[in-house]
Amino acid sequence: MAGNILIVDDTPAVLKLLKDILSAEDYKARPFNNGELALRSLKVEPPELILLDVRMPVMDGFEVCRRIKEDERLKDIPIIFISAAADTEDKVRAFQAGGVDYITKPFQKEEVIARVQTHVTLYRSRQKLMQAEKALRKSEQS
């Protein structure tokens, strides 16, 4: 399995397209059509990466990201924002909220795969480094 990815977008066609793209690359892609459902799912099974739409009804992507980054267990999960808005203001706001990347719609399959692979690899490397650091501290205390 290439990785566990959460997709949050209120457009069914986008959810299906992203799920199909990622599933073809052996990722476990879990689609959600709103932020509240996604937040509940995160607490049950945290993913290695989140693809998050900016503009959604009820709770926008910036608010979803803010809530994730406030949770100690979830704050290190990388978030790639996806949006039809290509203006600089939204991009800057996405990074300020804690996003690691930004993809504009319509997106290219190859770009999505490349960015997902990069951030899943970085996430796994950080996790291994944190585990090694924790083990080193434990061995120094004994």
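First, a word on scope: everything that follows refers to the structure included in this document.

## Examining the overall build of the chain
Counting its regular elements, the chain contains 5 helices and 5 strands. Counting from the amino terminus, helix and strand elements in the chain follow one another as β-α-β-α-β-α-β-α-β-α. For the chain, whose C-alpha radius of gyration is 16 Å, the value lies close to the compact-globule estimate of 14 Å for 142 residues. Dimensions of the chain along its principal axes, counting C-alpha atoms only, are 55 × 30 × 30 Å. Scored against the burial criterion, the 142 residues of the chain give a buried share of 42%. Partitioning the contacts of the chain with sequence separation of at least 6, the portion at a separation of at least 24 is 61%. Counting every atom, the chain has about 8000 Å² of accessible surface; 54% of that belongs to carbon and sulfur. If you average the places of the 23 positive and of the 23 negative side-chain charges in the chain, the two averages end up 4 Å apart.

## Topic: the side chain of His119
Mapped onto the elements of the fold, His119 is located in helix H5 (residues 109-141). A polar atom in the side chain of His119 sits 3.1 Å from the side chain of Asp101. Apart from the residues within four sequence positions on either side, His119 is in contact with Leu49, Pro78, Ile80, Val100 and Asp101.

## Examining the sheet that holds strand S5 (residues 101-104)
Reading across from one edge, S2-S1-S3-S4-S5 is the order of the 5 strands in this open sheet, with parallel pairing throughout. The open sheet has two edge strands, strand S2 (27-32) and S5, and neither has a second partner. Averaged over neighbouring strand pairs, the angle between their axes works out to 20° when direction is ignored. Bridge analysis of strand S1 (residues 3-8) against S2 gives 6 bridges, and the strand direction is parallel. Bridging across to S2, Asn4 finds its partner in Lys28. Those strands touched by helix H2 (residues 35-44) are S1, S2 and strand S3 (49-53), and its axis lies near 155° from that of S1. Helix-sheet contacts for helix H4 (residues 88-97) involve strand S4 (79-83) and S5, and the interaxial angle to S5 is about 145°.

## What about the pairing of S4?
A regular strand carries its side chains on alternate faces of the sheet. For S4, the tally of buried residues reaches 5 of 5 residues, placing the bulk of the element in the interior. Residues Ile79, Phe81 and Ser83 line one face of S4 and the alternating positions Ile80 and Ile82 line the opposite face, and both faces are buried. Relative to S4, S3 runs parallel, the two being bridged by 4 bridges. By the bridge assignment, Asp53 is partnered in S4 with Ile82.

## Points about unusual backbone geometry
For the bond from Lys105 to Pro106, the omega torsion is -5°, close enough to zero to count as cis. For Pro106, the location among the structural elements is in the loop between S5 and H5. In this structure, Asp26 is a non-glycine residue whose phi angle is positive, near 70°. Relative to the helices and strands, Asp26 is located in the loop between helix H1 (12-24) and S2. With a phi close to 70°, Val58 is a non-glycine residue in the positive phi region. Its place among the elements puts Val58 in the loop between S3 and helix H3 (61-70).

Criteria and thresholds
- Residues numbered from 1 in each chain as written.
- Predicted model: local features only at pLDDT ≥ 70, side-chain atom pairs only at ≥ 80, totals over all residues.
- Heavy atoms only, no water.
- Helix = DSSP H or I, 4+ residues; strand = E, 2+ residues; numbered from the N terminus.
- Rg over C-alpha atoms; globule rule 2.2 N^0.38 Å.
- Buried < 20%, exposed > 50% of the residue type's maximum accessible area, 1.4 Å probe, protein only.
- Contact = heavy atoms within 4.5 Å.
- Areas by Shrake-Rupley, 256 points an atom, 1.4 Å probe, with all protein chains shown as cover.
- Lys, Arg positive; Asp, Glu negative; His and termini not counted.
- Charge placed at Lys NZ, Arg CZ, Asp CG, Glu CD.
- Polar contact = N/O pair within 3.5 Å; in protein donor to acceptor, adjacent residues only side chain to side chain.
- Pairing = 2+ DSSP bridges.
- Axes fitted to C-alpha atoms, helices over the stretch in contact; angles between N-to-C directions.

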